Amino acid sequence: MLSATPVFSTVLPPLIDYPNHLARMHLLVEGGDAFYSVHWAAMPNLAEDLIVPPLARVLPLDIAGKLFLVMIFALMAGGTVWLNRVATGGWRLWPLLAFLFLYNRILLWGFVNYLFGIGVALGGTALWLVLERRRWWLRVSSSSVAALACFLSHIAAFGCYALVILGVEALPAIAEWRTRQWRALGHRIVIAAPQFVAPAVLLLAVPRDWSSGMVSYAGLWRKADLLFSVFDNYDRAFDLACFVLFLALIGGLAWTRRLGMCPRLASAAGVVFAVYLLAPSQMYGGSGADHRLPTVFFLLLVAASAPRFLNRHVAIAVGVVAASILVVRLALIEHVWREADRVYSADLDGIDALPRGSKLAIVHPADLFHVVPVPEVHLAALAIPRREIFVPTLFAIAGQQPVTLKPAFASLAEAAPPPRLWAILLDGHAGDRETLPAALEHYDFIAFTDKKPIRLPPHRCLAPVFVQPTFQIFSISHDLGCTGPAR
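Note that the structure is predicted; figures quoted are calculated from it, not measured.

Some words on the overall build of the protein chain
Secondary structure assignment for the protein chain yields 18 helices and nine strands. In terms of overall dimensions, the protein chain is globule-like: its C-alpha atoms have a radius of gyration of 25 Å, near the 23 Å expected for 487 residues. The principal-axis extents of the C-alpha atoms in the protein chain amount to approximately 85 × 50 × 45 Å. Looking at the protein chain as a whole, 52% of its 487 residues qualify as buried. Taking the intrachain contacts of the protein chain between residues at least 6 apart in sequence as the baseline, contacts between residues at least 24 apart amount to 78%. Element-wise, carbon and sulfur atoms account for 66% of the exposed surface of the protein chain, whose accessible area totals about 21,700 Å².

Written out as structure tokens, the structure is:
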């Protein structure tokens, strides 16, 4: 309940991608509209798409979206607690440390399908271990359902689940290999492999243009910095202090041999960490491939641990400090989110002033996609559920989302990329302000967004409709001479 407080105390949780996801949920409930079509397929990015629309048929859309965020918290924390119970043989307060990791940088990005899938992966791993001594068919069928749920939630979450299962089975498999227990090793492989068959078939069946992506690595120093992302919110000094305290706790327990790691889960955490060190930052169109793994690693680290404190007083002191840190972190998040709420409430009034059925072009600089206290880069997408407006930046990629742009509007979106319009209208020469780019000929309004105050030079073809420092809407004049040649 405490962790859910910031979510339900705000009009709109300030997660970068969240408004865009919410707009897609509306379209799934409505079955599309004049601009967008719905095409369902078994694609690996459907957690929110399968859960929120049914909820939104009986609840307001914003409440359904917030309930999904709380489901993520429940799965991630509950999965860690259950996995710790299975690994250590008893219920402990220790795995409640997972609550410290719920508001991480990945959540602030709005990668909600991935985080939901991570919660499923933790629960699926616990189920895999619980059923180890049960009938083979029960284990195969249960693990197949868990693996398929991870896959449908998010492809990266399924990858993490596969890595964890590999790590969990590695130690006993190696022991069987060394002692030449071929029958036992074969049985282990035969039981573990079927759960990955259905996801593999579905992955191959969904059309995907792998050639359009690229693989790139950031600087090696970023690997150390990204580990901090599990605590990185809004106050760098406080968040860093929390991270250092956590590492000191784990390091101190390990140094004094009081951490008590479950070998098989420790092996899984080691596999995840090794892949994190080797993973690129960009891979086949997926951003932040390595950014996603620290959260999994630290949740596994907590789940695998059964610390033995020096005495009860030390254990109570650790619990009090951890609970205090959680309360202070949530209070800081609540403060920032309430400040963001004031900005969003004003921005949404501007969106609500637009006429229904119009077309809204989006303009922003190329470097706008960063975690900030009040992300507005996707805010205009809420014009879709609120005003039935065409917004070209909706996440509607074939093979990744079940919503796609209708062909005519896909061409409109392709012709008006936000960074290029920004370069023309704000960074261009004075002569560029005499006319508008030809790509805007079919749009009615244009929304400007930036992380710092926008200073749009006067333009004879743009009339202000709504003006705030970092979010502004203008109507587009279609008088003769206002639309120039494409650039």
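Focus: helix α3 (residues 47–56)
Within the sequence span of α3, burial applies to A47, E48, D49, V52, P53 and A56. Buried residues along α3 cover an arc of 165° about the axis, so they all sit on one side.

Description of the packing of aromatic side chains
Under the counting rule described, the total for this entry stands at 28 aromatic pairs. Aromatic rings pair up to connect F101, F228, F231, F243, F246, F273, Y276, F297 and F298 into one cluster. Residue placement shows K223 over the ring face of Y276; its charged tip is 5.0 Å from the ring centre. The side chain of R292 reaches across the aromatic face of F111, ending 4.5 Å from its centre.

Details of the environment of W177
On the secondary structure map, W177 appears in helix α8 (residues 155–178). For W177, a relative accessible area of 56% gives the class exposed.

Section: the sheet that holds strand β5 (residues 360–363)
Read from one edge of the open sheet, four strands run β5-β7-β9-β8, paired in mixed fashion. Looking at strand neighbours, the two that pair on one side only are β5 and β8 (462–467), the edges of this open sheet. Ignoring which end each strand starts from, the neighbouring axes of this sheet average 25° apart. Bridging between β5 and strand β7 (residues 445–449) involves four bridges; their strand directions are parallel. Bridge pairing in β7 places I362 opposite A447. Packing against the sheet, helix α15 (residues 312–352) makes contact with β8 and β9 (471–476), and its axis sits at approximately 10° to β9. Along the sheet, helix α18 (residues 418–425) contacts β5 and β7; its crossing angle with β5, the most-contacted strand, is approximately 75°.

Here's the deal with the nonpolar core
Counting residues in each nonpolar core, the largest one holds 147 residues, and the members touching the most others are Y36, L300, L360, I446 and F448. Look past the residues within four positions of L360 in its chain and what remains in contact with it is L354, A380, A383, I389, F390, V391, P392, Y443, F445, I446, A447 and I473.

Considerations on helix α13 (residues 263–278)
End to end, α13 covers 23 Å across 16 residues, agreeing with the expected 22 Å (1.5 Å per residue, within 8%). When we look at burial in α13, the residues that qualify are R264, L265, S267, A268, A269, V272 and Y276. The elements touched by buried residues of α13 are α4 (61–88), α6 (112–130), α8, α9 (182–192), α11 (221–227) and α14 (293–303).

Criteria and cut-off values
- Every chain is numbered independently, its residues counted from 1 as its sequence is written.
- Local features in a predicted model are, by the rule used here, given only for residues with pLDDT of at least 70; side-chain atom pairs are given and counted only at 80 or more, and totals for whole chains, interfaces and linings are based on all residues.
- To obtain the side-chain values, all non-hydrogen atoms of the structure were included, while hydrogens and water were left out.
- Secondary structure follows DSSP: runs of H or I at least 4 residues long count as helices, runs of E at least 2 residues long count as strands, and numbering of each begins at the N terminus.
- It is over C-alpha atoms that the radius of gyration is taken, and the globule rule equals 2.2 Å times the number of residues to the power 0.38.
- Per-residue accessibility, obtained with a 1.4 Å probe over protein chains only, is compared with the maximum for each type, and a residue is labelled buried under 20%, exposed over 50%, and partly exposed between these values.
- By definition, residues are in contact when any of their heavy atoms lie within 4.5 Å.
- For accessible areas, the Shrake-Rupley method is used with a probe of radius 1.4 Å. Any residue's cover is judged against the shown protein chains and nothing else.
- What the arc covers is the set of directions going from the helix axis to the C-beta atoms.
- Stacked, tilted and edge-to-face are the three classes assigned to paired rings of Phe, Tyr and Trp, where Trp is represented by its six-membered ring and a pair needs centres within 6.5 Å; plane angles under 30 degrees give stacked, over 60 edge-to-face, the rest tilted.
- Remark: a charge is flagged as sitting over a ring if the NZ atom of Lys or the CZ atom of Arg is within 6 Å of the ring centre and within 35 degrees of the ring normal.
- Any two strands are treated as partners once DSSP identifies two or more bridges connecting them.
- Whenever a helix is involved, its axis is fitted only over the stretch in contact; in every case the axis is a line through C-alpha atoms, and angles between N-to-C directions fall within 0 to 180 degrees.
- The criterion is simple. A nonpolar core is a set of buried Ala, Val, Leu, Ile, Met, Phe, Trp, Tyr and Cys residues joined through side-chain atoms within 4.5 Å.
- Given the number of residues in a helix, its expected span is that number minus one, multiplied by 1.5 Å.

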